[in-house]
Amino acid sequence: QVQLVESGGGLVQPGGSLRLSCAASGIFFSSYVMGWYRQAPEKQRELVATVTAGGSTIYADSVKGRFTISRDNAKNTVYLQMNSLKPEDTAVYYCNARWSAAHYWGQGTQVTVSS
């Protein structure tokens, strides 16, 4: 059974930082492309960042220079370090694991940026 469990969300003031974690089980983690997506109210889910098995990364333009995705294959965990947070970063953040036709999602963690 595949499980992706996100943690680390919460309420933070503008300019603050949060670190999201996603612990995976039931997959051969090191082979998967891992990613973070987000969905704000009344908006479509959008890509935030991905990291391949080899460590190559892709970021949405809106988060470049502020967010960093990383993975620890020994811990089957992917992270998203979010700095200089803005109110427009408010969303539910979802972890994603993808390999060939296999595609899995976590349950999501809420991130709210507000003063």
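Everything numeric in this text was worked out from a predicted model, so none of it was measured.

Student: An account of the state of the cysteines is requested, with residue identities and associated values reported.
Tutor: Considering all chains together, one arrives at 1 disulfide under this definition. Between the sulfur atoms of Cys22 and its disulfide partner Cys95 the distance amounts to 2.1 Å. Taking the sign of the torsion about the S-S bond as the criterion, the disulfide between Cys22 and Cys95, at about -80 degrees, is left-handed. Taken together, the residues span a long stretch of sequence, with Cys22 in strand 3 (residues 18–25) and Cys95 in strand 9 (residues 91–99) at a distance of 73 residues. In this structure Cys22 comes out as buried when scored by relative accessible area, which is 0%.

Student: Can you lay out the packing of aromatic side chains for me, pointing to particular residues and giving the numbers?
Tutor: Summed over the entire model, instances satisfying the criterion amount to 4 aromatic pairs. Within the aromatic cluster, the residues linked to one another by ring pairs are Tyr32, Trp99 and Tyr104. The cationic tip of Arg19 hangs over the ring face of Tyr79; the distance from NZ or CZ to the ring centre is 4.0 Å. Its end group placed over the ring of Tyr94, Arg45 keeps NZ or CZ at 3.7 Å from the ring centre.

Student: If you had to explain the layout of surface pockets to someone new, which residues and values would you point to?
Tutor: Of the volumes computed, that of the largest pocket is approximately 160 Å³. Arg38, Gln39, Ala40, Lys43, Gln44, Glu46, Pro87, Glu88, Thr90 and Ala91 together form the lining of the largest pocket. Of the residues assigned to the lining of the largest pocket, the class counts are 3 nonpolar, 3 polar and 4 charged.

Student: Could you give an account of the environment of Arg98, with specific residues and numbers?
Tutor: Among the structural elements, Arg98 can be located in strand 9. When neighbours within four sequence positions are excluded, Arg98 is seen to be in contact with Tyr32, Val33 and His103.

What counts and how
- Residues numbered from 1 in each chain as written.
- Predicted model: local features only at pLDDT ≥ 70, side-chain atom pairs only at ≥ 80, totals over all residues.
- Heavy atoms only, no water.
- Disulfide = S-S within 2.5 Å.
- Helix = DSSP H or I, 4+ residues; strand = E, 2+ residues; numbered from the N terminus.
- Buried < 20%, exposed > 50% of the residue type's maximum accessible area, 1.4 Å probe, protein only.
- Phe/Tyr/Trp six-rings, centres within 6.5 Å; stacked < 30°, edge-to-face > 60°.
- Lys NZ or Arg CZ within 6 Å of the ring centre and 35° of its normal.
- 1 Å grid on protein atoms, 1.4 Å probe; cavity = no way out; pocket = protein on both sides within 12 Å on 5 of 7 lines; lining within 4 Å.
- Points joined across faces, edges and corners; volume = space filled by probe spheres on them.
- Nonpolar A, V, L, I, M, F, W, Y, C, P; charged D, E, K, R; others polar.
- Contact = heavy atoms within 4.5 Å.

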